[in-house]
Amino acid sequence: MARTVQFAPSILSADFGCLAAEIADVAAAGASFIHVDVMDGRFVPNITLGPVVLQGVRRATTLPLDVHLMIVEPERYIEDFARAGADIITIHAEATPHVERALAEIRRLGKKAGVALNPQTPESVLEYVLHVTDLVLVMSVNPGFGGQRFLPSVLPKIRRIAQMIEQSGRDIRLEVDGGVALDTVGQIAEAGADLLVAGAAVFGQPDRGQALRALATAAVAGPR
């Protein structure tokens, strides 16, 4: 179903020295979600945060927390992040051999279940898990670090996934993460994504409200 494009600023690009204030700023600026990137140094070559920090993020905002687990064996930590305050928990299809089981467990805990695909992962893996999926996250960079450039090669995959979702008849969000900026947001939205993760494009700007409005305008305007 068609939706207005919404934005989930990623705290990976925030100033962690004043994280609560940073979150409050983007919430006041009009963010729809707060995106939380969890990295373990194994699935991706970086380490970020865990459930204890997420508890602090939860106290800092009433916005839904969109928690992206870039970790191996995510099923071991799903309950911890659910208890810490996540509203959406997204796992990578590449990170566990039991994707359906993990997604079902997320939903059993009362949370929205998301499945993420790396740029090289085909969308065909979704055929077996859409029935337990509330969100599909397409990585448009190789995960692990913020500030990377968008990979245009994922655009056809976004379009194909949007068609899969429509044909399923299910209420599933289509999220894109990586390189979302003024010069890419139009083509990403045109391809069918309705929830966009933005890091430096929001947190890296002095006026976060103006940044979000500019992104929303560019999304509506379409490809440049």
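Residues numbered from 1 in each chain as written. Predicted model: local features only at pLDDT ≥ 70, side-chain atom pairs only at ≥ 80, totals over all residues. Heavy atoms only, no water.

Tallying each qualifying case throughout the model produces 10 salt bridges. A salt bridge links Arg208 to Glu22, with the nearest nitrogen and oxygen atoms 3.1 Å apart. Of the two residues, Arg208 sits in helix H8 (residues 208-221) while Glu22 sits in helix H1 (residues 19-29), which places them 186 residues apart along the sequence. Of the residues examined, Arg208 reaches a relative accessible area of 8% and is grouped as buried. Among the residues examined, Glu22 registers a relative accessible area of 11% and is labelled buried. Note that Arg58 is salt-bridged to Asp87, the shortest N-O span being 2.8 Å. (Salt bridge = Lys/Arg side-chain N within 4 Å of Asp/Glu carboxyl O. Helix = DSSP H or I, 4+ residues; strand = E, 2+ residues; numbered from the N terminus. Buried < 20%, exposed > 50% of the residue type's maximum accessible area, 1.4 Å probe, protein only.)

Before going further, it helps to spend a moment on the sheet that holds strand S2 (residues 34-39). On the basis of which strands lie adjacent, the open sheet formed by 8 strands has the order S1-S8-S7-S6-S5-S4-S3-S2 and parallel pairing. In the strand order of this sheet, the two ends are held by strand S1 (6-9) and S2, each with one partner. Taking the axes of each pair of neighbouring strands and ignoring which way they run, one obtains an average angle of 25 degrees across the sheet. Bridge analysis of strand S7 (residues 173-177) against strand S8 (residues 195-198) gives 3 bridges, and the strand direction is parallel. Residue pairing for S8: Val176 is matched across the bridge by Leu196. Sheet strands touched by helix H4 (residues 99-108): strand S4 (88-92) and strand S5 (112-117). Its angle to S5, the strand with the most contacts, is close to 150 degrees. Packed on one face of the sheet, helix H5 (residues 155-168) meets S5, strand S6 (135-139) and S7 and runs near 165 degrees to S7. (Pairing = 2+ DSSP bridges. Axes fitted to C-alpha atoms, helices over the stretch in contact; angles between N-to-C directions. Contact = heavy atoms within 4.5 Å.)

On to H5, then. The end-to-end C-alpha distance of H5, which contains 14 residues, comes to 20 Å, matching closely the 20 Å that a straight helix rising 1.5 Å per residue would cover. Where the residues of H5 are buried, they touch S5, S6, S7 and helix H6 (185-191). Backbone geometry just after H5 places Gly169 at a positive phi near 75 degrees. (Expected span 1.5 Å × (residues − 1).)

Taken N-terminus to C-terminus, the directions of H1 and H8 make an angle of 45 degrees; their axes are 8 Å apart at the nearest point. The orientation of H1 relative to H8 falls into the category oblique. Crossing angle aside, the handedness with which H1 passes H8 is right-handed. Of the residues in H8, those touching H1 at Glu22, Asp25, Val26 and Ala29 are Arg208, Gly209 and Leu212. (Parallel < 35°, antiparallel > 145°, perpendicular 65-115°, else oblique. Left-handed = near helix turned anticlockwise from the far one by under 90°.)

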